[in-house]
Amino acid sequence: MEEQIAALTAELANLKDATAGLNRTAAETFYYVTIPLMVLIHAGFLSYEMGASRAKNALASGIKNILAFAFIIPTFYYAGWFIYWAFPTGLSMSEGPAGISGWDYAVGAASPVGQVMGPSVADSATGVFFGAFAMFAATTASIMSGSLIERIQIVGFTILAIVLGSFVWILGAAWGWHADGWLVTSLGYHDFGASGVVHAIAGFFTLGVLINLGARIGKFNPDGTANSIPGHSLPATLVGLMLIIAGFWGFLMACVIFPGEPWSWGSGIFATIYGTPVTLSAMTFNILMGFAGGAIAAWVVTHGPFWMMSGALGGIISVAAGLDLYWPPMAFVIAAIGGVIMPLASRYVERLRIDDAVGAVALHGVVGVWGVVAVGIFASGYPALTSEGAPAISLLGQLGGAVVMVLLGFVPGYVVSLVLSKLGFLRVPKEAEVLGLDKVKVPAVAYPEILGEPARGPVTPAQ
């Protein structure tokens, strides 16, 4: 009998080890898959932005997008990931209630010169988590990128992308997208799908830059009325928007915490980043209803293909913050409101003589704020955290969080772009803008036959 008990005990131990190994591999694979899905977002922004540019600027628009992606990876490795774990409680870098923040925790979990930020067979989580967050960071820069097309210097844009992607938004994520974040523990702030910490911050950072960058030549008349400057390929823009939406399934998938691991909130169900329960089923209902509500409403209001597709993305952004909480018909209504708000906000920005080439301030900034506030209107009373005595979600808390996100985006965007403008690094010379940035800054031509250029290789700047 004792031998049988010993054998059963050993078999049970082996079974537990095998199950734990399978769960660990499943969790690692889950986040690994989100990364190429999120790369689709950047393929989408690339197509979207190049299509929205005139033919003479198409390559320059695409190149700055790819450069931003490339520069953010190392800068986020050396700074951004550490910021997320060090600053949730504020600038003091003290430890939060959950014990997963502060200077000491960040040194152990995210030091760029530490052993943890490298390959280890004992650690199957850090690399894929870092990768997913790096994609979030690159998304913020891509949101900004399209608004600035056809007149920004590549070096100036790259600096702005690094500041936004590796420093600014991740500070907002530490405050409002972390279980120890002071906005969460003090105000009950809830932003499951990053309507505020990604979209609102990036949108209002962009607004700050646009004020200093100025409008494209010919955009506004002396009386303040605006002229349309259509891009060279609306089909490319529409395809790009659809790719962004496809990539957002990976973005939102990466917002959940896989169960059953030492770093998980529990063993039985997916959780939000705050530890509250969520299912992929609930997300699926609301992502699809958000897409439909935003697209339909924007089409009804504008009858424009560009705004229809932008409305689809705006609908998802509208419901993202409360994606884990909404009833699907409610998500449809919230998304439809976002689809109406977006073109109206874009027209208002234009009346201020601000040239936002793709409407990112409205689509990501204003609609991102709407997404945050909507949680306070439609989902107040839910617990913000699973811990005992945690604050509840409230309209006041969501409004406070929205104000923080707007200021955290706008102020650095305005200040850094103002400094770059004073140094001569922000805007290209007038002659270069008229000639086209592809010839002057790349230098190459996207469509040599169409633009009357011989089919030859790139020319040098001197030529």
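See the structure shown above.
Calculation rules
Residues numbered from 1 in each chain as written. Predicted model: local features only at pLDDT ≥ 70, side-chain atom pairs only at ≥ 80, totals over all residues. Heavy atoms only, no water. Helix = DSSP H or I, 4+ residues; strand = E, 2+ residues; numbered from the N terminus. Rg over C-alpha atoms; globule rule 2.2 N^0.38 Å. Contact = heavy atoms within 4.5 Å. Areas by Shrake-Rupley, 256 points an atom, 1.4 Å probe, with all protein chains shown as cover. Lys, Arg positive; Asp, Glu negative; His and termini not counted. Charge placed at Lys NZ, Arg CZ, Asp CG, Glu CD. Salt bridge = Lys/Arg side-chain N within 4 Å of Asp/Glu carboxyl O. Expected span 1.5 Å × (residues − 1). Buried < 20%, exposed > 50% of the residue type's maximum accessible area, 1.4 Å probe, protein only. Polar contact = N/O pair within 3.5 Å; in protein donor to acceptor, adjacent residues only side chain to side chain. Core = buried A, V, L, I, M, F, W, Y, C linked by side-chain atoms within 4.5 Å. Axes fitted to C-alpha atoms, helices over the stretch in contact; angles between N-to-C directions. Parallel < 35°, antiparallel > 145°, perpendicular 65-115°, else oblique. Left-handed = near helix turned anticlockwise from the far one by under 90°. Nonpolar A, V, L, I, M, F, W, Y, C, P; charged D, E, K, R; others polar.

Student: Tell me about the overall build of the protein, and please be specific about residues and values.
Tutor: Regarding its fold elements, the protein presents 15 helices and zero strands. In terms of C-alpha radius of gyration, the protein reaches 23 Å, essentially the compact-globule figure of 23 Å for 463 residues. Expressed along its principal axes, the backbone C-alpha trace of the protein runs to roughly 90 × 45 × 40 Å. Pairs at least 24 residues apart make up 76% of the contacts formed inside the protein by residues separated by at least 6 positions. Only carbon and sulfur atoms are counted for the fraction: they give 69% of the accessible area of the protein, which is about 19,000 Å². Averaging the locations of the 17 positively and 24 negatively charged side chains of the protein gives two centres separated by 22 Å.

Student: Mind laying out the pattern of salt bridges, listing which residues take part and the relevant values?
Tutor: A full pass over the atoms with the stated rule returns seven salt bridges. With a shortest N-O distance of 2.9 Å, Arg216 and Glu150 are connected by a salt bridge. Remark: Glu150 occurs in the loop between α4 (126-147) and α5 (154-176) and Arg216 occurs in the loop between α7 (195-213) and α8 (234-253); sequence separation between them is 66 residues. Where Arg151 meets Asp355, a salt bridge forms, and the shortest distance between an N and an O atom there is 3.8 Å. Of this pair, Arg151 sits in the loop between α4 and α5 while Asp355 sits in the loop between α11 (328-351) and α12 (360-378), placing them 204 residues apart in sequence. Put simply, Arg54, Glu150, Arg151, Arg216 and Asp355 are held in one network by salt bridges that share partners.

Student: With reference to specific residues and values, describe helix α10 (residues 305-320).
Tutor: The terminal C-alpha atoms of α10, which comprises 16 residues, lie 23 Å apart, in line with the 22 Å expected from a rise of 1.5 Å per residue. Across the 16 residues that make up α10, a large majority, 13, are buried.

Student: Give me the side chain of Asp180: which residues, what numbers.
Tutor: The topology assignment puts Asp180 in the loop between α5 and α6 (182-187). The side chain of Asp180 is buried and forms no salt bridge, while Arg24, the nearest opposite charge, is found at 24 Å. Of the polar contacts made by the side chain of Asp180, one reaches the side chain of Ser101; its length is 2.8 Å. Contact partners of Asp180, with chain neighbours within four places excluded, come to Pro88, Thr89, Gly96, Pro97, Ala98, Gly99, Ile100, Ser101 and Thr185.

Student: I'd love a proper account of the side chain of Thr140, names of residues and values included.
Tutor: If you trace the backbone, Thr140 turns up in helix α4. Ignoring sequence-local partners within four residues, the contact set of Thr140 consists of Leu164, Gly165, Trp169, Val198 and Ala202.

Student: Tell me about the nonpolar core, and please be specific about residues and values.
Tutor: Taken as a class, soluble globular proteins show a tendency for nonpolar side chains to be buried jointly. Counting residues in hydrophobic clusters, the biggest one holds 129 residues, and the most contacted among them are Phe76, Trp81, Phe133, Trp169, Trp177 and Phe251. Not counting residues within four places of it along the chain, the set of residues in contact with Phe76 comprises Trp81, Phe130, Phe133, Ala134, Ala137, Gly165, Ser166, Trp169 and Ile170.

Student: Lay out α8 in plain terms, naming residues and giving numbers.
Tutor: The end-to-end C-alpha distance of α8, which contains 20 residues, comes to 29 Å, matching closely the 28 Å that a straight helix rising 1.5 Å per residue would cover. When we look at burial in α8, the residues that qualify are Thr237, Gly240, Leu241, Ile244, Ile245, Gly247, Phe248, Gly250, Phe251, Leu252 and Met253. Packed against the buried residues of α8 are α1 (2-52), α4, α7, α9 (280-302) and α10. Where α8 begins, the capping side chain belongs to Ser233, and its oxygen is found 3.2 Å from the backbone nitrogen of Ala236.

Student: If you had to explain the environment of Ile73 to someone new, which residues and values would you point to?
Tutor: If you trace the backbone, Ile73 turns up in helix α2 (residues 58-86). For Ile73, a relative accessible area of 28% gives the class partly exposed. Once the C-alpha coordinates of Ile73 and Trp370 are considered, the two residues, 297 residues apart in sequence, prove to be 30 Å apart. Those residues in contact with Ile73 that lie beyond four places of it in its chain are Phe130, Ala134 and Met135.

Student: A description of the packing of α4 against α5 should follow, citing residues and the corresponding values.
Tutor: Running from amino to carboxyl end, α4 crosses α5 at an angle of 135°, the nearest separation of the two axes being 9 Å. Our classification of the angle between α4 and α5 gives oblique. Once α4 is placed against α5, the crossing between them reads as right-handed. Of α5, the residues touching α4 (which contributes Phe133, Phe136, Ala137, Thr140, Ala141, Met144 and Ser145) are Phe157, Leu160, Ala161, Leu164, Gly165, Trp169 and Ile170. Across the contact of α4 with α5, the residue classes break down as eleven nonpolar, three polar and no charged.

Student: Just give me the short version of the packing of α5 against α7, but keep the residues and values in it.
Tutor: Running from N to C, α5 and α7 cross one another at 140°; their axes reach a closest spacing of 10 Å. Relative to α7, α5 is oriented oblique. Remark: the crossing between α5 and α7 carries right-handed chirality. For the pair formed by α5 and α7, the contact residues are Leu160, Val163, Leu164, Val168, Trp169, Gly172, Ala173 and Gly176 on the first element and Val197, Val198, Ile201, Ala202, Phe205 and Val209 on the second.

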